[in-house]
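Tertiary structure, described
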Amino acid sequence: MTEAETGVLDTFLGAGNRRGRGHKFSLALLALAVIASIFLLMRFLGGTDSPYYTALVERGDVTPLVSERGTVHGSGEVVLAAALDGTVTAEGVPAGGKVEEGQVLATIDAEPLRSTLAADRALVSAAESDLAAARAAREEAAAKLGRFEDVWRRSGHRVPAINELEGARGAVERAGREVSAAEARLSAARSSLKADSEKLASAVVRAPFSGFVVDRNISNGQRVRTGMRLFTLAASDETLEIEVPLAKAGNAEIGTGTVARVRLDAMPDEAQQATLARVLVDRADAPGSRRAAFTLENPAQTVRPGMAATVEIALPPRKGVMLVPDAALTFEPENSADRSRARIYLVSADGEPRRVYVATGAGDGKRTEVIANDLKPGDEVIIGWRNPPAR
């Protein structure tokens, strides 16, 4: 065989060997693909080995949503307070209910006051008797002095003796003072009787006008004290407002005209729209706090003062912040329940949860802004148990 023929043969054999190796490599890749497909199919059918549900940490924008509870208020509100101490029997008029002028709202047990009234009447009777006696004594003293002075004139100032005449004059002055004192005692006794009688009348709490019950602060059998708030009534439902605290909003700027969504407990599926009318600060019962008063726009005809509601307020958006699902902030591994500091749990390389303390920011009801030094987008955060541990 010539050298040329030998070279051609070697070239042919080398190409054949290379084709054989390539064919074997392709078969190996195909086998790996089949194995991977089988593994994924088994995993899909049998579920993941991880006991956790997870989500990814994201960087994005969020529009914070603050949710607060409040009560619908009407115009011309009046507070009805207890005029006396006692046990109350409240009629079945709930918050949000309509009332008519003069309608009985509650009755306060006034038995102790009736005893007081009996004593007041006895004092008035005694004071009237004392006054009558004092006036009779003054008349008698005045008549005696008149006789003395008449004799004094007719006798040429010889009788009676000067000391007798002066004594009679002093007796008249003392009798006059006794009458004044008796009159004052009678006036005081009558004033007490009148005040306690008015209290007794106010034991029956009535609506001063036709309107709506905004707040009802009592229940049957409750003990009340003088001055305690019983009801708040609204005279009209022409302008309806709802006032809520702004503690959850922090220092966020909320301007007049901010729109909020209102969901009434009585109509949870029908959202009402409200517009911020004013921000109230430094209330006497909550110094340093802020409260927002929203005016309901075109409320449904069934909306009444006194109805409880939830107000959802959208705050200025936060852009480019780290976000995790709200569930991540409530997840806790087994045998861990300390929530003194906000934290989330990431899935570590070995599949175990790794705790990361975070500072929380705004949220929209689904996601919450978190801040942590060793947190980055794409981290896998645990949001719940896939296979909860046995208790």
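Residues numbered from 1 in each chain as written. Predicted model: local features only at pLDDT ≥ 70, side-chain atom pairs only at ≥ 80, totals over all residues. Heavy atoms only, no water.

1. Some thoughts on the overall build of the chain
Across its full length, the chain carries three helices and 20 strands. Burial status across the chain gives 32% buried among its 391 residues. Contacts in the chain between residues far apart in sequence, at least 24 positions, make up 73% of those at least 6 positions apart. (Helix = DSSP H or I, 4+ residues; strand = E, 2+ residues; numbered from the N terminus. Buried < 20%, exposed > 50% of the residue type's maximum accessible area, 1.4 Å probe, protein only. Contact = heavy atoms within 4.5 Å.)

2. A closer look at the packing of aromatic side chains
One pair of aromatic rings is described through two measures. These are the centre distance and the angle between the planes. Scanning the model with the defined rule gives four aromatic pairs in all. Here Tyr52 and Phe331 contribute two aromatic rings whose centre-to-centre distance is 5.8 Å and whose plane-to-plane angle is 85°, an arrangement assigned as edge-to-face. Placement of Tyr52 in strand 1 (residues 52–56) and of Phe331 in the loop between strand 15 (318–325) and strand 16 (343–347) is noted, with a sequence separation of 279 residues between them. Accessibility assignment for this pair places Tyr52 and Phe331 in one class, buried. (Phe/Tyr/Trp six-rings, centres within 6.5 Å; stacked < 30°, edge-to-face > 60°.)

3. Here we look at the side chain of Glu241
When you line up the elements, Glu241 lands in strand 10 (residues 229–245). Within the local environment of Glu241, its side chain forms a polar contact with the side chain of Arg278, the two groups lying 2.8 Å apart. For Glu241, the residues in contact, after removing those within four places along its chain, are Thr71, Val72, His73, Ala277, Arg278, Ala293, Phe294 and Thr295. (Polar contact = N/O pair within 3.5 Å; in protein donor to acceptor, adjacent residues only side chain to side chain.)

4. A closer look at helix 2 (residues 111–154)
Between its first and last C-alpha, helix 2 extends 65 Å over 44 residues, near the 64 Å set by a 1.5 Å rise per residue. Listed in full, the buried residues belonging to helix 2 are Leu113, Leu117, Asp120, Val124, Ala127, Leu131, Ala134, Ala141, Leu145 and Trp152. Buried residues along helix 2 sit in contact with helix 3 (162–201). In the segment just after helix 2, Gly156 is the residue with positive phi, at about 70°. (Expected span 1.5 Å × (residues − 1).)

5. Overview of the sheet that holds strand 6 (residues 104–108)
The four strands are arranged 7-6-4-9 in an open sheet whose pairing can be described as antiparallel. Whereas interior strands pair on both sides, the edge strands pair on one side only; in this sheet they are strand 7 (204–206) and strand 9 (223–224). (Pairing = 2+ DSSP bridges.)

Read these as geometric descriptors, not functional statements.
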